[in-house]
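Architecture at a glance
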Amino acid sequence: MAEAAEFQGMSPSPARRWLRRTGALLAGAPLLAGLLQLPAGPMAHAAAKSAPVAASGSRTVSVSLDSVSPGAPTDGDTLTVSGTVTNNGKQAITDAHVGLRVGPSLNSRGSIDNAARRTGFASGLDGTEIGGKYAEKFPKLDPGVAQGFTLSVPVKKLDLHSDGVYQLGISLSGQTSAQPYEQVLGIQRTFLPWQPDGADAKTKTTYLWPLISSVHMSAETLPNQQQTPVFQNDDLAREIAPGGRLSQLLSLGRDLNVTWVIDPDLLASVDAMAGSYSVKGDGGSVTTGKNQAVAKQWLAELEQAVQGKEVVALPFADPDLASLAHDGRNVTGSLSHLKDATDVAGSTVETILHVKPETDFAWPVDGAIDPSIVKVATSAGADKIIARSDSLQETGGLPYTPTSARPIGGGTTAVVADTGLSTAFGGDMSSAGGSTLAVQKFLAQSLMINLEEPQKQRSIVVAPQRMPSASQAQSMAQALKALQSGAWSQSSGLSAAADAKPDPRATTRVPSTSRYPSSLRREQLPQSAFQEIEDTQDKLDNFKVILTDPARVVTPFGRAIDRAMSTSWRGHSTDASGFRLGVGSYLDGLTDQVRLIEKSETKLSGRSATIPVTVQNNLMQGVDHLVLRLTSQQPTRLKIGNGPYSEKLVTVSGGHSQSVKFTTTANANGRATVVAQLFTEDGQAYGPAVTFDVNVTEITPTVMLVIAGGVLLLVLAGFRMYTQRKRLAAREAEEERNDPDATPQPGGLNDSTDGTVDTGDTGGSAADPEQVSDAEPGADDPEQPSDPAPDTAPESADPSSAGERVDR
């Protein structure tokens, strides 16, 4: 309106300009307020993310708690707490000091979880500071600067009354130039378990100490008599070397009262490493392993550590029970591998560690169970299943944590591990702050279990992650040492926990398959993986029947098949697929070492001949129980033996070849296709067939004429002899008529004066009858130049060469 009142071409006065701007601001204020209430767009979100929020209030300073000692104090102790404080604000903090604050005792496990989640300071919940000489002062704390502190306070100054779990806060108070008064600028809280006089009924606590690793050995062995194993990498050597993960677990666990849970595959792998072994390198190269001393030392220390302790052996290679239950049962034969892995577990542990392990426990991933998992686990002989309380959840509203053992039907016991205690050290324990908080919370939860029902002794099981890191193992050991020296818990074995009297109010209903966690289901081995495994098993079954020493192949491949089902493949599907492919390819390579030598076209000269077929065996051991069948595709032209095919048993020593000879008969000229195929004795085809042609070339018209001419000459010779005898008989009859007094001669022939017989043939003569009678029958038959010589020489029993020559 001011602008409308102005004349065009004249500049407004200062007063009017002021009025105009003020009016514009007043008019735009509601619009700006409305815009601020609209949902933020992508740009606004991006700006909010990129702009750091300045630390303020009780979150201005981060307080890290590096140690609490002792974790579970008693009367007369001095509590020592150490850590660091870091100013995350933009202003320096002056007149700062760090002090302890003891909050009220907590009354449930849920209240412990709630307190752990709180971050800011709450005066009503965090208690008053124990100041004075028990506080540590900082004249100035600059932005971004971290400073350490140590506080030592006698327990009697903490004002701890009845037994319980107390909230313990470590706070930094000070002031800034913007807020020049004392205030809490940072706090970290933890928990202090307090039960100095001991519990009326101590909780029996079973802690599982897992020695499990991923798959390290391949199915391959070097082609020598010792079958030197080949490892996929040398990672296992780093794990068992001093400072490595498995070395830490061993050194920490031997001083604790725990139940050792061991994968026999780990023992077998380290035991193999203790001897001669090789390692795959880049590009398929294989190098000699050099960590035998480390392996021997680790095994020796483990054998000593487990003496007198309870040892539970998982099935060999720790098969994934949930994957088998959900995806493997539809593949015929999959469950038999679990039974084999269970059967070999006990003997493996006993042979290497010289202790007899328990083998009737099954441990599904994260203790998650459903009816199908229970069925698969029990099919292999397990009657105790280690479950977890977040799977077998309480539905009856129990105000306390029940005993772990639960009968779930069919004579099977579920040993239900406590979820809170089992997952206490599953996070990042590499920092002292994270480890200390986890240890104190673990101790607090353990004491709270006891305080829930102090007059009732219960048995609790802790089943931590399968493969804890070195830092996680250190935190676990720290907590267990404090727990085992505490006044409310006593150590117990897993078998004792399984045999404990179940709580009749505890749930025993196994959750349905649909309730199995989707996060775990996504990591399972697919059904195709089990089909690949079963295909490999079928090839192995077909291969072993021809071997003179099948154990050299069955044992390493059987264990490799177990490893292909390992739980350690979860989250590593590509590596799992590569391992299965490697096992199958290596078996194919071994079976190809026994094969038929390829043959080129063979020429057959004559009506019959022998054809050699060569079987080559490049294995270290001999093969037998093989049948070689040679089949003619045109049996009317070429017969093998007495029919279209012939079979012969084959035995070949290791590293040798054997030629097998077949008799053939040709009936006509031309090519005949012949197929050579190896079979096992049960009729299964072994390896690829070899097909070649036999060219029959020497049954020609010329040969047939020669044969016919020979027959004709024989006929003419017989006819000539017949006519000669007839003439002789006619002449004798004539002489008898002319001389009636002549005496007949034997045979109807008359002797002449010179002893010769006149046959009327001027060119012929008669042999002496005495010579005739002494001669061999047919010796005087005329020799016929057209009679064929024998086709074949006597067959030699010696093996022929691998060439293409046909023995005739």
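Residues numbered from 1 in each chain as written. Predicted model: local features only at pLDDT ≥ 70, side-chain atom pairs only at ≥ 80, totals over all residues. Heavy atoms only, no water.

Below, the discussion takes up a nonpolar patch on the surface. On the surface, a cluster of nonpolar side chains totalling about 380 Å² of accessible area is made up of Leu-712, Leu-713, Val-715 and Leu-716. Secondary-structure assignment places Leu-716 in helix H21 (residues 701–738). Given a relative accessible area of 48%, Leu-716 falls into the partly exposed group. (Patch = residues over 30% accessible without salt bridge, like charges linked within 9 Å, V, L, I, M, F, W, Y side chains within 5 Å. Areas by Shrake-Rupley, 256 points an atom, 1.4 Å probe, with all protein chains shown as cover. Salt bridge = Lys/Arg side-chain N within 4 Å of Asp/Glu carboxyl O. Helix = DSSP H or I, 4+ residues; strand = E, 2+ residues; numbered from the N terminus. Buried < 20%, exposed > 50% of the residue type's maximum accessible area, 1.4 Å probe, protein only.)

In this structure, Phe-543, Phe-557 and Leu-628 are the most contacted members of the largest nonpolar core, which totals 76 residues. Residue contributions to this core peak at 6 residues, all from helix H20 (residues 573–591). Residues within four places of Phe-557 in sequence aside, it is in contact with Ala-219, Leu-540, Val-583, Tyr-586, Leu-587 and Leu-590. In this structure, Leu-421, Phe-442, Ile-449 and Val-462 belong to the second largest nonpolar core, which totals 65 residues. (Core = buried A, V, L, I, M, F, W, Y, C linked by side-chain atoms within 4.5 Å. Contact = heavy atoms within 4.5 Å.)

It is worth spelling out the packing of aromatic side chains at this point. The final tally for this structure, using the stated rule, is 7 aromatic pairs. Arranged with centres 6.4 Å apart and planes meeting at 20°, the rings of Phe-543 and Tyr-686 form a pair that is stacked. Linking Phe-543 in helix H18 (residues 527–544) with Tyr-686 in strand S30 (residues 685–696), this pair joins segments that are 143 residues apart in sequence. Residue Phe-543 is classed as buried on the basis of its relative accessible area, which comes to 1%. Tyr-686 sits in the buried class, given a relative accessible area of 4%. Three or more aromatic residues link up through ring pairs in this structure, and these residues are Tyr-207, Trp-209, Phe-425 and Phe-442. The ring of Phe-692 is capped by Lys-599, whose NZ or CZ atom sits 5.3 Å from the centre of that ring. For the cation-ring pair, Lys-648 lies above Phe-662, with the distance from its terminal atom to the ring centre recorded as 5.3 Å. (Phe/Tyr/Trp six-rings, centres within 6.5 Å; stacked < 30°, edge-to-face > 60°. Lys NZ or Arg CZ within 6 Å of the ring centre and 35° of its normal.)

On to helix H8 (residues 264–273), then. In terms of residue burial, H8 counts as a mostly covered element, since 9 of its 10 residues are buried. The N-cap of H8, judged by a side-chain oxygen 3.0 Å from the amide nitrogen of Asp-265 a few residues on, is Asp-263. (Polar contact = N/O pair within 3.5 Å; in protein donor to acceptor, adjacent residues only side chain to side chain.)

All right, on to the sheet that holds strand S29 (residues 670–680) then. Read across the open sheet, the 5 strands follow the order S23-S30-S29-S25-S27; overall the sheet is mixed. On the outer flanks of this sheet lie strand S23 (602–604) and strand S27 (645–652), each paired with one strand and no other. Within the sheet, the average angular offset between the axes of one strand and its neighbour, ignoring direction, is 30°. The pairing of strand S25 (residues 623–632) with S27 spans 7 bridges and is classified as antiparallel. Residue pairing for S27: Arg-629 is matched across the bridge by Glu-647. (Pairing = 2+ DSSP bridges. Axes fitted to C-alpha atoms, helices over the stretch in contact; angles between N-to-C directions.)

With 14 residues, helix H19 (residues 551–564) ought to run about 20 Å at 1.5 Å a step, and its terminal C-alpha atoms sit 20 Å apart, in line with that. Buried residues dominate H19, accounting for 10 of its 14 residues. If you check which residues of H19 are buried, you get Arg-552, Val-553, Phe-557, Gly-558, Arg-559, Ala-560, Ile-561, Asp-562, Arg-563 and Ala-564. Where H19 is buried, its residues touch strand S10 (217–221), H8, helix H11 (334–353), H18 and H20. (Expected span 1.5 Å × (residues − 1).)

Detail in the predicted coordinates should be disregarded across regions flagged by low pLDDT. The predicted model of the chain averages 84 in pLDDT, with 82% of residues at 70 or higher. Within the model, the stretch residues 1–53 combines pLDDT values under 50 with 8 contacts to residues more than four positions away or in other chains. Note that pLDDT drops below 50 for residues 742–808; the model gives that stretch 62 contacts with residues more than four away or on any other chain. (pLDDT = per-residue confidence, 0-100.)

Time to look at the side chain of Asn-224. Within the fold, Asn-224 resides in the loop between S10 and strand S11 (229–231). The contacts of Asn-224, once residues within four sequence positions are left out, are Arg-552 and Met-620.

Here we take up the packing of helix H10 (residues 321–328) against H11. Relative orientation of the contacting elements H10 and H11 amounts to 160°, with a least axis distance of 10 Å. One way to sum up the angle between H10 and H11 is to call them roughly antiparallel. Crossing geometry of H10 relative to H11 is assigned as left-handed. Two secondary-structure elements touch here, H10 through Leu-321, Leu-324 and Gly-328 and H11 through Ser-334, Leu-335 and Leu-338. Looking at side-chain class alone, the contact of H10 with H11 contains 4 nonpolar, 2 polar and no charged residues. (Parallel < 35°, antiparallel > 145°, perpendicular 65-115°, else oblique. Left-handed = near helix turned anticlockwise from the far one by under 90°. Nonpolar A, V, L, I, M, F, W, Y, C, P; charged D, E, K, R; others polar.)

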